[in-house]
Each structure stands twice: as C-alpha cells, then as structure tokens.
Amino acid sequence: MSKYSSDRKMTTLTRQDLNFGQVVADILCEFLEVAIHLILYVREVYPSGIFQKRKKYNVPVQMSCHPELNQYIQDTLHCVKPLIEKNDAEKVVVVIMDKEHHPVERFVFEISQPPLLSISSDTLLSHVEQLLRAVILKISVCDAVLDNNPPGCTFTVLVHTREAATRNMEKVQVIKDFPWIIADEQEVHMQEPRLIPLKTMTSDIVKMQLYVEERAHKAS
C-alpha cells in the first residue's frame, strides 16, 4: 500500500481535464456493481446458491453467478455510467419490492463530485479504495439493523438525474439501446419510511452517502 509523504505532488484539475469524469465513472460503476450484488445477497432477494464468494477491495463479497441477472446489472450500470461521467446522476437507488410491487427497502447512493479535483496516484488508488471498502463492509452487515423482508421480493434500479440531464438522455446512444423509463410513483416514494444511515465517504474526487429507507410494516 502506498504511503503518504510530505513531498507528494498534488495536481488540481477541472472536470474536463484528462476526462476525469470518466475515471470517476469507472470507479463508481465498478463499486456499484459489487454493491448491488451484495445487497441482493444480504437481503435474500435471490437464493444464496446463485452467489459465489469473491474478493473485491481486499474483502470477501458475494457475487451472483446467474448470467441473466448479471447481464441486467451490467446493462443498467452501462447506462448509468455516462450520467455519472457528466456529473448528472444525483442518486442511484436499489429498490427492493414485495410481491405487490410495493417497495420495502430503498438503498440510496447519493453522489456528488467537486468541480475542482486535487488528485494524486495515492488519492485515486489507495484512499478511495479504502473508503469504498468501508462502504462494502457496512452493506455486508446491514441486515443487523433491518427487519426481514417478506418472501418473493424483486428489485429494480432507479437513477435520480438533474433536470438538464433528463432532456439529454435521448441523445446518448448507449441509453437508446437500453432505454430508461420514468419510475412509477410507488417505486419512488414510501409512506413514513424509517431512515437508516449506513455510511458516508468523502474523498477529493467524489462524495457519497449511503442510507436505507425501510418500510415500517413489511408483512405481506
């Protein structure tokens, strides 16, 4: 692991320099893929038998080995990526729903990126990985603070975008191939949810807050 030193050179860049938005999007989409798999495992949306233990961020995680599920997650994040790259995605939300398609839990990843970025190789590789590892570890034990979900749950992924981004989404070819639709109101809102903060991470290149909105009465 790299160590910080007093003579470490820092470079201040704008978002346009070196296509830095793309670097941040790569890092976050790789993280979100791991996080979504882990949420589906921990919250028992799918049987544990379809998951295999892998190592990401130097910690053990559970990743699905179901081809169709994996492809759906990859396709979704492939379309999220250009929105993060342009700093147009405010939130990425994993919604777990009961048999009636009503949300029982919403894992909310709030994302913000600074306009100016002070970076070094240490910041990019070491510090950010440590922060993301801490978020993954928090997800892995989140069932301790959440009630059990009813059987037969499904999930979907929502993206909250800035207003200007919504108008531009049709112009992006990658999104045309896997089109977004406006979310149903019942997927977006829950009545009087319980709010459980899980983790906040702050780095020079991105800030992220993860919390869960949990429905008060889950029995179906």
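Residues numbered from 1 in each chain as written. Predicted model: local features only at pLDDT ≥ 70, side-chain atom pairs only at ≥ 80, totals over all residues. Heavy atoms only, no water.

K.L.:
So what exactly am I meant to see when it comes to the confidence of the model for the protein here?
P.N.:
Do not read the fine detail of predicted coordinates wherever pLDDT is low. Of the residues in the protein, 74% have a pLDDT of 70 or more, and the chain-wide mean is 80. Throughout residues 1–11 the model reports pLDDT below 50, and contacts reaching past four residues in sequence, or to other chains, amount to 20 contacts. (pLDDT = per-residue confidence, 0-100. Contact = heavy atoms within 4.5 Å.)

K.L.:
For this particular structure, what's the right way to read the sheet that holds strand 7 (residues 154–161)?
P.N.:
The strands that make up a sheet are held in pairs by hydrogen bonds between backbone atoms, and each pair lies either parallel or antiparallel. Read from one edge to the other, the open sheet built from 5 strands follows the order 7-4-5-9-8, with strand pairing classed as antiparallel. Edge strands, defined here as strands with exactly one partner in the open sheet, are strand 7 and strand 8 (194–202). Mean inter-strand twist for the sheet, computed between neighbouring axes without regard to direction, equals 15°. Pairing of strand 4 (residues 89–97) with strand 5 (residues 103–112) involves 7 bridges; the strand directions are antiparallel. By the bridge assignment, Val94 is partnered in strand 5 with Phe107. In this fold helix 1 (residues 20–42) packs onto strand 4, strand 5, strand 7 and strand 9 (207–214), with an angle of close to 165° to the strand it touches most, strand 5. (Pairing = 2+ DSSP bridges. Helix = DSSP H or I, 4+ residues; strand = E, 2+ residues; numbered from the N terminus. Axes fitted to C-alpha atoms, helices over the stretch in contact; angles between N-to-C directions.)

K.L.:
I'm lost on the packing of aromatic side chains in this one. Help?
P.N.:
The description of an aromatic ring pair uses the distance of the two centres, along with the angle that the planes make with each other. The final tally for this structure, using the stated rule, is 5 aromatic pairs. Between Phe31 and Tyr57 the ring centres are 6.5 Å apart and the planes differ by 55°, which places this aromatic pair in the tilted class. Residue Phe31 is found in helix 1, and its partner Tyr57 is found in the loop between strand 2 (51–56) and strand 3 (59–64); the two are separated by 26 residues along the sequence. Owing to a relative accessible area of 12%, Tyr57 belongs among the buried residues under this scheme. Centre to centre, the rings of Tyr46 and Phe155 are 6.2 Å apart; their planes meet at 80°, and the pair counts as edge-to-face. Residue Tyr46 is found in the loop between helix 1 and strand 2, and its partner Phe155 is found in strand 7; the two are separated by 109 residues along the sequence. Tyr46 sits in the partly exposed class, given a relative accessible area of 30%. (Phe/Tyr/Trp six-rings, centres within 6.5 Å; stacked < 30°, edge-to-face > 60°. Buried < 20%, exposed > 50% of the residue type's maximum accessible area, 1.4 Å probe, protein only.)

K.L.:
What exactly am I supposed to notice about the layout of surface pockets here?
P.N.:
Empty space left among the atoms is revealed by rolling a probe the size of a water molecule over them. When its volume is computed, the second largest pocket comes out at roughly 230 Å³. Around the second largest pocket sit 13 residues that line it, and Val42, Arg43, Glu44, Asn148 and Asn149 are the ones nearest its centre. Residues belonging to the lining of the second largest pocket are distributed by class as follows: 6 nonpolar, 4 polar and 3 charged. (1 Å grid on protein atoms, 1.4 Å probe; cavity = no way out; pocket = protein on both sides within 12 Å on 5 of 7 lines; lining within 4 Å. Points joined across faces, edges and corners; volume = space filled by probe spheres on them. Nonpolar A, V, L, I, M, F, W, Y, C, P; charged D, E, K, R; others polar.)

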